[in-house]
Amino acid sequence: MKIGAYQGNPEFGLVEKNVRQAVTELEGADADLVVMPELFNTGYQFVSKEEAFGLAEEMPYGDTCRSMMEIARSKKMHLVFGMAERDGARLFNSAAVVGPEGFIGRYRKSHLFYEEKYFFDPGDTGFMVFDIGIARLGVMICFDWWFPEAARSLALSGADIICHPANLVLYGCHKAMITRSLENGVFSITANRTGSEARGGKEPLVFTGESQIVDNRGSLLASMNRDGAGIVVVDIDVKRARDKSITTLNDRFKDRRPDLYGEITKSNLPA
Ligand code: ACM
């Protein structure tokens, strides 16, 4: 299975241009699955809820989803991409999963980062795994990485590949995703963006690029550079993610001790 990450530098608010650029790259890609960054069509730094709402689209009936479904159909590939989703009066930082047959599903970001809390509703889907036949795709978005429960939940729900659209601005994610892959025995694709935004007098946000693909043992299979643009693709044996053994006597899942982990599902604050 050929899996890829798209990295680019969208221009804020120029949805048509950003989508066209992505579609042009995808036309030249040879992959079964490509993951795109978070909010890849709009850019990231909204200055008001009204602005975010104006740039958001319905899923799957908005223009962005339609364009992505069309290229997925013509290239016979699956795509996971981040975009602002409008659902009635609610607004989510979402990711869509589409394939040659059309729309497959959505994930709505669970852990909102920083000023996202002003614009978006907290995700209400839970951590979703989509069976696309050749693989089971788990989806989480950017800052979800900071909470290891996200990747663990996806792995326990059967994900082979964690698809991770991102607009990273903090330190630490690239290394953390290597660990998330290692401890869960899953492949991961972190598709990050490049460039910077400083809108409406806000503090600049510098996006860290270095999109990466990690295998089920935590080895880095591909890594783009900080300012690179385009699509990186690697060939994997996705079935390896179904083997959770560590040694002949140890297994990532069978050796877990949920009887000792009760605190994880309790309140958010230490006693
Ligand atoms: C982030 O969640 N976009 C940092």
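A. How the structure looks around the nonpolar core. Counting 43 residues, the largest nonpolar core has Met1, Ile3, Leu33, Val80, Leu137 and Ile161 as its most contacted members. Top contributing element to this core by residue count: helix α5 (residues 148-156), with four residues. Residues contacting isoleucine 161, with those up to four places away along its chain left out, are Met1, Ile3, Leu33, Ala135, Arg136, Leu137, Gly138, Phe187, Ile189, Ile236 and Val238. Listed in part, the 39 residues of the second largest apolar core include Tyr6, Val23, Leu39 and Leu205.

B. Just the packing of aromatic side chains, in detail. Under the criterion given, the structure shown has 13 aromatic pairs. An angle of 75 degrees between the planes, with centres 5.5 Å apart, marks the rings of phenylalanine 12 and phenylalanine 46 as edge-to-face. Of the two residues, phenylalanine 12 sits in the loop between β1 (2-7) and α1 (15-27) while phenylalanine 46 sits in the loop between β2 (33-35) and α2 (49-55), which places them 34 residues apart along the sequence. Accessibility expressed as a relative area gives 18% for phenylalanine 12, which makes it buried. Judged by centre distance (5.0 Å) and plane angle (55 degrees), the ring pair of phenylalanine 113 and phenylalanine 143 falls under tilted. Placement of phenylalanine 113 in the loop between β5 (102-108) and α4 (116-119) and of phenylalanine 143 in the loop between β7 (136-139) and α5 is noted, with a sequence separation of 30 residues between them. For the residue pair phenylalanine 113 and phenylalanine 143, the accessibility class agrees, reading buried in each case. What links up through ring pairs into an aromatic cluster is the set Phe113, Tyr114, Phe143, Trp145, Trp146, Phe147 and Tyr171. One cation-aromatic arrangement involves arginine 199 over phenylalanine 12; the distance from NZ or CZ to the ring centre is 3.6 Å.

C. Structural detail: the environment of aspartate 243. Of note, aspartate 243 is situated in the loop between β14 (230-235) and β15 (245-247). You can call aspartate 243 partly exposed: its relative accessible area is 45%. Put simply, aspartate 243 and valine 186 are 57 residues apart on the chain and 9.4 Å apart in space, counted from C-alpha to C-alpha. Reaching out from aspartate 243, the side chain makes a polar contact with the side chain of serine 245 at a distance of 2.8 Å.

D. Fine view of the packing of α1 against helix α3 (residues 63-75). At their nearest, the axes of α1 and α3 sit 11 Å apart, and the two run at 10 degrees to each other. With respect to each other, α1 and α3 are oriented roughly parallel. Across the interface between the two elements, Val15, Val19, Val23, Leu26 and Glu27 of α1 pack against Thr64, Ser67, Met68, Ile71 and Lys75 of α3. Of the residues contributing to the contact of α1 with α3, the split by class is six nonpolar, two polar and two charged.

E. Structural view of the environment of asparagine 167. Relative to the helices and strands, asparagine 167 is located in the loop between β8 (161-165) and α6 (173-184). On a C-alpha basis, the gap between asparagine 167 and alanine 191 in space is 8.2 Å, while along the polypeptide they are 24 residues apart. Apart from residues lying up to four places away in sequence, asparagine 167 is in contact with Pro37, Glu38, Leu39, Tyr44, Cys142, Asn192, Arg193 and Phe207. At a separation of 3.0 Å, a polar atom in the side chain of asparagine 167 contacts the main-chain carbonyl oxygen of glutamate 38.

F. Local environment of empty space enclosed by the protein. Evaluated as defined, the whole model comprises two cavities of 30 Å³ or more. Taken as a whole, the largest cavity spans an internal volume of roughly 90 Å³. Residue lining of the largest cavity: Tyr44, Gln45, Phe46, Phe113, Tyr114, Glu115, Glu116, Phe119, Lys202 and Leu205, and that is the complete set. Tallied by class, the residues present in the lining of the largest cavity amount to six nonpolar, one polar and three charged. Within this model, the second largest cavity holds a volume of roughly 70 Å³. Along the walls of the second largest cavity sit Glu38, Tyr44, Lys109, Phe113, Glu116, Cys142, Phe143, Trp145, Asn167, Leu168, Val169 and Leu170, which together make up its complete lining. Class assignment of the residues belonging to the lining of the second largest cavity gives a composition of eight nonpolar, one polar and three charged.

G. How the structure looks around unusual backbone geometry. Cis geometry marks the peptide bond from methionine 59 to proline 60, where omega comes out at 10 degrees. Take proline 60: it is sitting in the loop between α2 and α3. In this structure, leucine 39 takes a positive phi of about 45 degrees despite not being glycine. Checked against the element boundaries, leucine 39 lands in the loop between β2 and α2.

Reading the values: the criteria
Residues numbered from 1 in each chain as written. Predicted model: local features only at pLDDT ≥ 70, side-chain atom pairs only at ≥ 80, totals over all residues. Heavy atoms only, no water. Core = buried A, V, L, I, M, F, W, Y, C linked by side-chain atoms within 4.5 Å. Buried < 20%, exposed > 50% of the residue type's maximum accessible area, 1.4 Å probe, protein only. Helix = DSSP H or I, 4+ residues; strand = E, 2+ residues; numbered from the N terminus. Contact = heavy atoms within 4.5 Å. Phe/Tyr/Trp six-rings, centres within 6.5 Å; stacked < 30°, edge-to-face > 60°. Lys NZ or Arg CZ within 6 Å of the ring centre and 35° of its normal. Polar contact = N/O pair within 3.5 Å; in protein donor to acceptor, adjacent residues only side chain to side chain. Axes fitted to C-alpha atoms, helices over the stretch in contact; angles between N-to-C directions. Parallel < 35°, antiparallel > 145°, perpendicular 65-115°, else oblique. Nonpolar A, V, L, I, M, F, W, Y, C, P; charged D, E, K, R; others polar. 1 Å grid on protein atoms, 1.4 Å probe; cavity = no way out; pocket = protein on both sides within 12 Å on 5 of 7 lines; lining within 4 Å. Points joined across faces, edges and corners; volume = space filled by probe spheres on them.

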